[in-house]
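Chain by chain, the residues run as shown.
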Amino acid sequence: MTSPTATLLVSCPDRRGLVATIANFIYSHNGNIIHADHHTDFAAGLFLTRIEWQLDGFDLPREAIATTFKETIADPLDANWQLHFSDTIPRLSIWVSRQDHCLLDLLWRQKAKEFHSSIPLIISNHPDLEEIAQQFGADFYYLPITKENKITQEAKQLELLNQYNIEVVVLAKYMQVLTADFVKKFPTVINIHHSFLPAFAGAKPYHQAYKRGVKIIGATAHYVTADLDAGPIIEQDVVRVSHRDEVTDLIRKGKDLERMVLARAVRLHLQNRVLVYGDRTVVFG
């Protein structure tokens, strides 16, 4: 698809005629809808939708779309909504510690143009992976974290995110807990957890899983919230293990899963396919 598109993500109280109302907004301005996905959460009484249309021929200028949609559609429907343009390139920052498997996977995929993004900034609490950042042309900042300096270092991290105009932070095995204050100031953070949450949350989930003799292990990518490992889930997957597998085998298989699950979650986010409501997500295919 070479023609630029616009995408609306909308959630609002459910009522009759919502699909027609939103679609007619696009039709009335000469828009051509190319994707439309809808979901109703009856328990929550919410209607959720993702609708994408071509901008060629659309008779509203880009800068007027948001204001017009808000005034004519969103406000009367009491809707939460987002507007995205396909030719806008999101800027990501990857945060890491010592493990390199998720970092390398994301950088390879970005270089192969699997991701519609740029990755100009990598931050770490250890210096080990600076060479990898240099190989892929990203700036690397080493900011060690201790209990005593955590608040100060998070302030520096926020400064860097602002300086580089970062829109999304990806924790690629960062192995640090972000403070509630940081998450409040920068809420768009994706984390990979080496467990099929909510099982085995916290530290050393593979050791916990081995001790319980589980037959499957998993990985979970989720948005970070103030509650540890409890944010809205974007993507999950599992792999079978057996009584013959040791902890090292579980870790090896888990790393493969972590790469895949994190990459899928980042791609879904970049394609504007994830709509968060409460502690849950709708992920449009």
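Thresholds applied
Each chain has its residues counted from 1, following the order in which its sequence is written. Where local features are concerned, this predicted model is filtered to residues with pLDDT of at least 70; where side-chain atom pairs are given and counted, the filter is 80 or more; whole-chain, interface and lining totals use all residues. Based on all heavy atoms of the structure, the side-chain values leave hydrogens and waters out of the count. UniProt positions are given in the numbering used here, feature names are shortened, and annotations may be inferred rather than shown by experiment. Any two strands between which DSSP finds at least two bridges are classified as paired. Starting at the N terminus, helices and strands are each numbered in turn, a helix being any DSSP run of H or I of at least four residues and a strand any DSSP run of E of at least two. Comment: axis = line fitted to C-alpha atoms, over the contacting stretch for helices; angle = value between 0 and 180 degrees taken between N-to-C directions. Any two residues whose heavy atoms approach within 4.5 Å are treated as being in contact. For every residue, the accessible area (1.4 Å probe, protein chains only) is compared with the maximum for its type, and the residue is labelled buried under 20%, exposed over 50%, or partly exposed between those bounds. For this analysis, a polar contact is any N or O atom pair within 3.5 Å, provided that within protein one partner can donate a hydrogen and the other can accept it, and provided that sequence-adjacent residues contribute only side-chain to side-chain pairs. This arc is taken over the directions from the axis of the helix to the C-beta atoms. What we call a nonpolar core is a set of buried Ala, Val, Leu, Ile, Met, Phe, Trp, Tyr and Cys residues that are connected through their side-chain atoms within 4.5 Å.

- As recorded by an unreviewed UniProt entry, the chain carries the name Formyltetrahydrofolate deformylase and is attributed to Oscillatoria acuminata PCC 6304.
- The heading Pathway (unreviewed entry) in the UniProt record of the chain holds the text "Purine metabolism; IMP biosynthesis via de novo pathway; formate from 10-formyl-5,6,7,8-tetrahydrofolate: step 1/1."
- For the chain, the Catalytic activity (unreviewed entry) comment in UniProt is given as "(6R)-10-formyltetrahydrofolate + H2O = (6S)-5,6,7,8-tetrahydrofolate + formate + H(+)".

A short note on the sheet that holds strand β4 (residues 80–85)
- One open sheet accounts for four strands, arranged β2-β3-β1-β4; its pairing is antiparallel. For this open sheet the edge positions go to β2 (32–41) and β4, each flanked by a neighbour on one side alone. If you compare each strand with its neighbour and ignore which way they point, the axes differ by 10 degrees on average.
- Pairing of β2 with strand β3 (residues 46–54) involves nine bridges; the strand directions are antiparallel. Paired with His38 across the two strands is Thr49, which belongs to β3.
- Contacting β1 (5–13), β2 and β3, helix α1 (residues 18–28) runs over the sheet at an angle of about 25 degrees to β3.
- Against the sheet, helix α2 (residues 62–77) contacts β1, β3 and β4, and its axis sits at roughly 160 degrees relative to β4.

Here's the deal with the UniProt feature "domain: ACT" (unreviewed entry) in the chain
- Residues annotated by UniProt as "domain: ACT" (unreviewed entry) correspond here to residues 7–95.
- The distance from the first to the last C-alpha atom of residues 7–95 is 28 Å, and the span holds 30% helix and 42% strand.

Considerations on the UniProt feature "active site" (unreviewed entry) in the chain
- When the UniProt feature table is mapped onto this chain numbering, "active site" (unreviewed entry) sits at Asp229.
- Relative to the assigned elements, Asp229 resides in the loop between β10 (216–223) and β11 (233–240).
- Taking the relative accessible area as the measure of exposure, Asp229 reaches 15% and is therefore buried.
- In terms of polar contacts, Asp229 uses its side chain to reach the side chain of His193, at 3.1 Å.

What about helix α7 (residues 205–212)?
- The complete set of buried residues in α7 reads Pro205, Tyr206 and Ala209. Across the axial projection of α7, the buried residues extend over an arc of 100 degrees, all falling on one side.
- Summarising the contacts, the buried residues of α7 are in contact with β9 (189–193), β10 and α8 (247–270).
- A positive backbone phi angle near 70 degrees is found at Gly213, which sits one or two residues after α7.

Looking at the nonpolar core
- Of all hydrophobic cores here, the largest spans 34 residues; its most connected members are Ile94, Leu103, Leu106, Ile122, Leu262 and Val266.
- Contributing elements (two or more residues each) for this core: β5 (91–96), α3 (101–111), β6 (118–124), α4 (130–135), β8 (168–171), β9, β10 and α8.
- Counting residues per element, this core draws most heavily on α8, at eight residues.
- Non-local contacts of Ile94, meaning those with residues more than four positions away in its chain, are made with Leu103, Leu106, Leu107, Ile119, Leu121, Ile122, Ile123, Val170 and Ala172.
- In this structure, Val10, Phe25, Phe69 and Leu77 belong to the second largest nonpolar core, which totals 22 residues.

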